[in-house]
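Reading the structure
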Amino acid sequence: MNDRTPEQPADTVARLRATFRTGRTKPVEWRTDQLDRLREMLTTHGADLAAALHADLGKSSTEAYRTEIDFTVREIDHTLSHLGTWLRPESAPVPPHLGDDATAWTQYDPLGVVLVIAPWNYPAQLLLTPMIGALAAGNAVVVKPSELAPATSAVLARLLPQYLDTDAVAVVEGGIPETTALLAERFDHIFYTGNGVVGRIVMRAAAEHLTPVTLELGGKSPVFVDRDADLAVVADRLARGKFLNAGQTCVAPDYVLTDPETGRALETELARAVSSLYGPEPETSGEYGRIVNERHFDRLSGLLDSGRVVTGGGSDRTAKYIAPTVLADVDPESPVMREEIFGPILPIVTVPGLDEAIDFINDRDKPLALYVFTASGTTRQRIAAETSSGGLGYGLPLAHLTVSDLPFGGVGESGMGNYHGRYSIETFSHRKAVLEKPLSV
Ligand code: NAD
């Protein structure tokens, strides 16, 4: 290929499809070899990626390794150690009318050429983790990093072809025109992470080819804090989960629902927790990230006066800095409650009690995650039974997505389909039904 004339999307897909049809990506040895190489890329060039993540989002090196690089390495290791088991055919009981000698089973077939479209907030993890599943399932894959994290996109576009089989893995950089051109092609699966507006564009384009989609979307993930919870622990865990990556995390706690008295006590604890995490001046803390761009900075700045500022409230456009902010006395109809915040602003909304909290949640879109802090088993059970969300976390936000044996995905407006670990194999494979009846009589 000539480096100076970029390959057209149609040619990229045709080239990868030709490779897939040779059968090269199907043997488990090819799959594990690709994962080994990806692992080597991450361990050799972790510092390059961490520097890019710092340039794009001000991520500290600790955070870059923990939430992107090491996270992805762990997913590779988990996949490598279980892939053989996951891929095993599964036998199914045969009904008597087919006779004693008939057998039936399911087996996983790779789908073909799949497309992974990634967002900017965890621009490495959210590109590479689906790709691990796609490769482990034996597919050829086109990956499209987010143009809004240009440094990370450039590093991935440079490194991935150095390590992976370029006849089966292609990186296409770019924004809307490039993604639109890709979406015109026929893929065997499209895996999209990002917002629901673009999710609909992806699904419409996929429908033209009857291509199945996984949509990993977002929305407002609520937190319910019960009056019996230990508020110092709640505040520490909430602050950590909320202000990681300056709040730009799809499963970040979006807002707190609690009764007025607990809310007042929680305000004090949250102010303390933020200060103990980032010090009295978070803008000087090397551990606190920045907003991805001016557009999101302006959007978030406009939400800062949606309530009484408990802590934070400051901002600096030049540095794309927004202080970790907690707002109280927030009206459920205020701007901060009308859209996914996706930034470091935590509103506290008060409700009389559990019944009203459940109604509040059910009156809105099904969230990607729901977090509950309570000492009561009955409350935990009621929330599990009476609400619907992609994931549910008792006592700890975000952590469910680090459990590789749990499916990660949304429901309703927060998405469709899921992945991680063996669920990625389900997503990127066809489960083929096979029946065998011997020819002998
Ligand atoms: P983004 O702007 O980077 O867009 C995501 C991808 O869509 C990019 O690759 C982009 O190039 C592409 N894209 C943008 N506009 C397009 C168009 N008109 N046509 C085709 N492709 C287009 O990221 P974003 O959407 O701002 O990401 C933030 C959202 O993603 C939030 O809602 C967040 O909750 C959600 N999110 C979900 C998860 C999850 O795992 N469920 C993870 C991260 C983010």
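Our subject is the structure listed above.
Note that the structure is predicted; figures quoted are calculated from it, not measured.

Describing the site of the ligand
As a matter of local geometry, the ligand sits amid 27 residues, with A118, S146, E147, N195 and E340 nearest to it. At a separation of 3.5 Å, a nitrogen atom of the ligand approaches a polar side-chain atom of E216. Here an oxygen atom of the ligand sits 2.6 Å away from a polar atom, N or O, in the side chain of E340. Within the complex, 93% of the 850 Å² of free accessible area of the ligand lies under protein. The cavity where the ligand resides is the largest pocket. For the shell around the ligand, the secondary-structure elements that each account for two or more residues are α7 (176-183), β6 (189-193) and α8 (196-208). Within the shell around the ligand, the residues separate by chemical class into 16 nonpolar, 7 polar and 4 charged.

Considerations on empty space enclosed by the protein
Across all of its chains, the model carries 5 cavities of 30 Å³ or more by this definition. Volume-wise, the largest cavity comes out at about 50 Å³. Taken together, F71, R74, E75, L401, T402, V403, S404 and H420 make up the lining of the largest cavity. Residues of the lining of the largest cavity, tallied by class, amount to 3 nonpolar, 3 polar and 2 charged. Counted as a void, the second largest cavity has a volume near 40 Å³. If you trace the second largest cavity, you find it lined by G219, K242, G247, T249, C250, A252, P253, D254, E340, F342 and G343. Residues belonging to the lining of the second largest cavity are distributed by class as follows: 4 nonpolar, 4 polar and 3 charged.

Side note on the packing of helix α12 (residues 354-362) against helix α13 (residues 377-386)
Relative to each other, α12 and α13 sit at 25°, their axes nearing to 11 Å. When the axes of α12 and α13 are compared, the pair comes out roughly parallel. α13 is crossed by α12, and the crossing has right-handed handedness. Together, L354, D355, I358 and N362 of α12 and T379, R382, I383 and E386 of α13 make up the contact between the two elements.

With respect to the packing of aromatic side chains
All told, the structure shown has 7 aromatic pairs when counted by the stated rule. Between F191 and Y419, the ring centres sit 4.6 Å apart and the planes meet at 70°, which makes this aromatic pair edge-to-face. Here the residue F191 occupies a position in strand β6, and Y419 occupies one in the loop between β17 (415-416) and α14 (421-427), the gap between them amounting to 228 residues. There is no split in this pair, since F191 and Y419 are both buried. Members of the aromatic cluster, connected to one another through ring pairs, are F191, F408, Y419 and F428.

What to know about the sheet that holds strand β2 (residues 103-110)
The strand order across the open sheet formed by 3 strands is β1-β2-β18, and the pairing between neighbours is antiparallel. Both outer strands of the open sheet, β1 (90-92) and β18 (429-436), are each paired with one neighbouring strand and no more. The mean inter-strand angle of the sheet, taken between neighbouring strand axes irrespective of direction, is 30°.

Concerning the layout of surface pockets
Of the volumes computed, that of the largest pocket is approximately 1300 Å³. Along the walls of the largest pocket sit 48 residues, with Y192, G194, N195, G196 and V197 positioned nearest its centre. Where the lining of the largest pocket is concerned, the elements lending two or more residues are α7, β6, α8 and α11 (294-301). Across the lining of the largest pocket, the residue classes tally to 21 nonpolar, 13 polar and 14 charged. Space inside the second largest pocket adds up to approximately 610 Å³. Of all elements in the fold, only α4 (61-86), α5 (125-136), α9 (231-243) and α10 (260-278) reach the threshold of two or more residues within the lining of the second largest pocket. Looking at which element gives the most residues to the lining of the second largest pocket, the answer is α4, with 6 residues. Split into classes, the residues belonging to the lining of the second largest pocket amount to 14 nonpolar, 8 polar and 6 charged.

Considerations on the environment of K59
Tracing the backbone shows K59 in the loop between α3 (46-57) and α4. For the pair K59 and G289, spaced 230 residues apart in the sequence, the C-alpha separation amounts to 5.1 Å. If we ignore the near neighbours within four places in the chain, the residues touching K59 are L53, H54, T67, E68, N121, Y122, P123 and N245. Within the structure, K59 has its side chain in polar contact with the side chain of E68 (distance 2.5 Å).

Let's talk about the sheet that holds strand β3 (residues 113-117)
Spatially, 6 strands are ordered β5-β4-β3-β6-β7-β17 in an open sheet, and the strand pairing comes out mixed. Only two strands of the sheet have a single neighbouring strand rather than two, namely β5 (169-171) and β17. Seen against the sheet, helix α1 (residues 9-22) touches β3, β4 (140-144) and β5 and runs at an angle of roughly 150° to β4. Contacting β3, β4, β5 and β6, α5 runs over the sheet at an angle of about 170° to β4.

A few points about a nonpolar patch on the surface
Together, V197, V198 and I201 make up an exposed nonpolar region whose accessible area comes to about 240 Å². Following the sequence through the fold, I201 ends up in helix α8.

Quick look at the pairing of β6
Counting buried residues along β6, 5 of its 5 residues qualify, which places the element largely inside the surrounding structure. Burial of the side chains of β6 extends over both faces: H189, F191 and T193 are buried on one face and I190 and Y192 on the other. Pairing analysis gives 4 bridges linking β3 to β6, with the strands arranged parallel. Bridging across to β6, L115 finds its partner in I190. Strand direction decides the pairing type here: β6 and strand β7 (residues 213-216), joined by 4 bridges, are parallel.

Parameters at a glance
Residues numbered from 1 in each chain as written. Predicted model: local features only at pLDDT ≥ 70, side-chain atom pairs only at ≥ 80, totals over all residues. Heavy atoms only, no water. Near = heavy atom within 4 Å. Polar contact = N/O pair within 3.5 Å; in protein donor to acceptor, adjacent residues only side chain to side chain. Areas by Shrake-Rupley, 256 points an atom, 1.4 Å probe, with all protein chains shown as cover. 1 Å grid on protein atoms, 1.4 Å probe; cavity = no way out; pocket = protein on both sides within 12 Å on 5 of 7 lines; lining within 4 Å. Sits in = over half its atoms within 2 Å of the grid points. Helix = DSSP H or I, 4+ residues; strand = E, 2+ residues; numbered from the N terminus. Nonpolar A, V, L, I, M, F, W, Y, C, P; charged D, E, K, R; others polar. Points joined across faces, edges and corners; volume = space filled by probe spheres on them. Axes fitted to C-alpha atoms, helices over the stretch in contact; angles between N-to-C directions. Parallel < 35°, antiparallel > 145°, perpendicular 65-115°, else oblique. Left-handed = near helix turned anticlockwise from the far one by under 90°. Contact = heavy atoms within 4.5 Å. Phe/Tyr/Trp six-rings, centres within 6.5 Å; stacked < 30°, edge-to-face > 60°. Buried < 20%, exposed > 50% of the residue type's maximum accessible area, 1.4 Å probe, protein only. Pairing = 2+ DSSP bridges. Patch = residues over 30% accessible without salt bridge, like charges linked within 9 Å, V, L, I, M, F, W, Y side chains within 5 Å. Salt bridge = Lys/Arg side-chain N within 4 Å of Asp/Glu carboxyl O.

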